[in-house]
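Each chain is listed here by its residues.
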Amino acid sequence: MDALPSLLQSHQPLAVRKGAAELILGLTNDASSLLLITGNKELINSLWDALGDKDRKLSVTSSQILVNITSHSAQALTAQDTVPRVLQILQHTETVHLYNSMAMILNNISRSPEEADIFTTVLTLADCQMFVKLVSRHQEQGYLAAVLGNIAVTPVGREHLSHESVFPEIISFLTMPGNIIVRRNTARLLRNLSFDTKTHTALVEYLPQIVYPLVGGEEIDEEDMDKLPIDLQYLPEDKCREPDLQTRTYLSDTLFQMGGTYSVREKYREENYYELLKNYDQWEEDDDARERIQNTIYLIVQNDGEVDLRKDGDVPEGVEEAEEVVIVKREGSEKMSSENMGS
């Protein structure tokens, strides 16, 4: 193991460096070997250096090793050291082949609320704007959306994400076709924002977009239809709801948390959201998901009194905040571990 860093040095023949990288990637699929690799700082530095190699295969393999290192331990690569390196790579189009691995690394080192707090100390609004642009342009698989969802549990993250230069585009990700990672993590981001009532003013402005994935094409009588927001009126009969259960659940949780604010409940009532949520409740087959949307419906129909949800900004115990940890198999296929599934 001690000899591996030297095999990655630029003076070595390309075939030797590529062979060493492939060997190391294979070793990261073994827990005991990965532990040794994680503790080898010289090796980690050699891997960062290899990202700049002209041979794309070598640079991609090195980046995948770093992904697996962070899947084992987020502390193996500190945010203070890692984030600036990753941001530099994401800012250059000539390194676009590394974007996906860099996004995975950022997801892995910001998964817990504690890690996200550290992460946001080196993250700026401009960085968040860049992440949003990359997601919008489909320049990586969607793991940057997971990063944005991770940091939404922090005060700094919520401030950046609710900014007018960022939030409207984030909302549009709820209907991004063909990318469940983006849609699910955007819904998770909204759920995390909604834990802080100070974000409700921004969220309620986009209420039709938040509810839209839960709406189908059921027939609604004319009087009830006219009360709905324009964007939710007269949808086609074949309008499909969001197919991903977890995304629907996150959106239901968001609506419930927002309903803890009186002005939002009034909005629900004045614009007849009850009709849409009732139809969704009747369509939904998952018992847990139905219970969650029924909680919101209850807020709408009950007489107003004290609504005691939770303290601003606190994450309820038992709520899984992180996207699944990302690892890369030796043959190069990415997968999401079954460990720590979002719920």
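What comes next is a walk through the structure. (Residues numbered from 1 in each chain as written. Predicted model: local features only at pLDDT ≥ 70, side-chain atom pairs only at ≥ 80, totals over all residues. Heavy atoms only, no water.)

Looking now at the overall build of the chain. Regarding its fold elements, the chain presents 20 helices and two strands. Considering the chain as a whole, with its 343 residues, one finds that 54% of them fall into the buried category. The contacts in the chain between residues at least 6 apart in sequence include a share of 70% that link residues at least 24 apart. If you sum the accessible surface of the chain, you get close to 15,400 Å²; carbon and sulfur atoms cover 49% of it. (Helix = DSSP H or I, 4+ residues; strand = E, 2+ residues; numbered from the N terminus. Buried < 20%, exposed > 50% of the residue type's maximum accessible area, 1.4 Å probe, protein only. Contact = heavy atoms within 4.5 Å. Areas by Shrake-Rupley, 256 points an atom, 1.4 Å probe, with all protein chains shown as cover.)

This next bit is on helix α20 (residues 287-301). The first and last C-alpha atoms of α20 sit 21 Å apart over 15 residues, in line with the 21 Å expected at 1.5 Å per residue. Of the residues making up α20, those classed as buried are Ala-289, Ile-293, Thr-296, Ile-297, Leu-299 and Ile-300. Take α20 and look down its axis: the buried residues cluster within an arc of 155 degrees, on one side only. The exposed residues of α20 that point more than 90 degrees off its buried face are Asp-287, Tyr-298 and Val-301. Close packing links the buried residues of α20 with α17 (245-258), α18 (262-270) and α19 (273-283). Capping the start of α20 is the job of one residue whose side-chain oxygen sits 3.1 Å from the backbone nitrogen of Asp-288: Asp-286. (Expected span 1.5 Å × (residues − 1). Arc of directions from axis to C-beta. Polar contact = N/O pair within 3.5 Å; in protein donor to acceptor, adjacent residues only side chain to side chain.)

Across all of its chains, the model carries three aromatic pairs by this definition. Plain terms: the ring middles of Tyr-268 and Tyr-273 are 6.1 Å apart, the flat faces sit at 65 degrees to each other, and that makes the pair edge-to-face. Looking at Tyr-268, the relative accessible area reads 1%, which means it is buried. Positioned over the ring face of Tyr-212 is Lys-239, at 4.2 Å from the centre of the ring. (Phe/Tyr/Trp six-rings, centres within 6.5 Å; stacked < 30°, edge-to-face > 60°. Lys NZ or Arg CZ within 6 Å of the ring centre and 35° of its normal.)

Looking now at the environment of Leu-34. Within the secondary structure, Leu-34 sits in helix α3 (residues 31-38). You can call Leu-34 buried: its relative accessible area is 7%. Expressed as a C-alpha distance, the spacing of Leu-34 and Ile-69, which sit 35 residues apart in the sequence, is 6.9 Å. Residues contacting Leu-34, with those up to four places away along its chain left out, are Leu-27, Thr-28, Asn-68, Ile-69 and His-72.

What follows concerns the environment of His-160. Structurally, His-160 can be placed in helix α11 (residues 155-161). Among the residues examined, His-160 registers a relative accessible area of 12% and is labelled buried. The spatial distance from the C-alpha of His-160 to the C-alpha of Leu-123 is 9.3 Å, given a sequence separation of 37 residues. What His-160 contacts, discounting residues up to four positions off in sequence, is Leu-123, Thr-124, Leu-125, Cys-128 and Val-166.

Looking now at the pattern of salt bridges. In the structure shown here, the tally under the stated rule is 17 salt bridges. The residue Arg-17 makes a salt bridge to Asp-53 at a minimum N-O spacing of 2.3 Å. Pair noted here: Arg-17 is in helix α2 (residues 14-27) and Asp-53 is in the loop between α4 (41-50) and α5 (56-72), with a separation of 36 residues, a long-range link. Take Arg-17: its relative accessible area is 9%, and that puts it in the buried class. Linking Asp-196 and Arg-158 is a salt bridge whose minimum nitrogen-to-oxygen distance equals 3.3 Å. Taken as a pair, Asp-196 in the loop between α13 (180-194) and α14 (200-204) and Arg-158 in helix α11 lie far apart in primary sequence, 38 residues in all. Accessibility assignment for this pair places Asp-196 and Arg-158 in one class, buried. Overlapping salt bridges, with partners in common, bring together Arg-158, Asp-196 and Lys-198 in one network. (Salt bridge = Lys/Arg side-chain N within 4 Å of Asp/Glu carboxyl O.)

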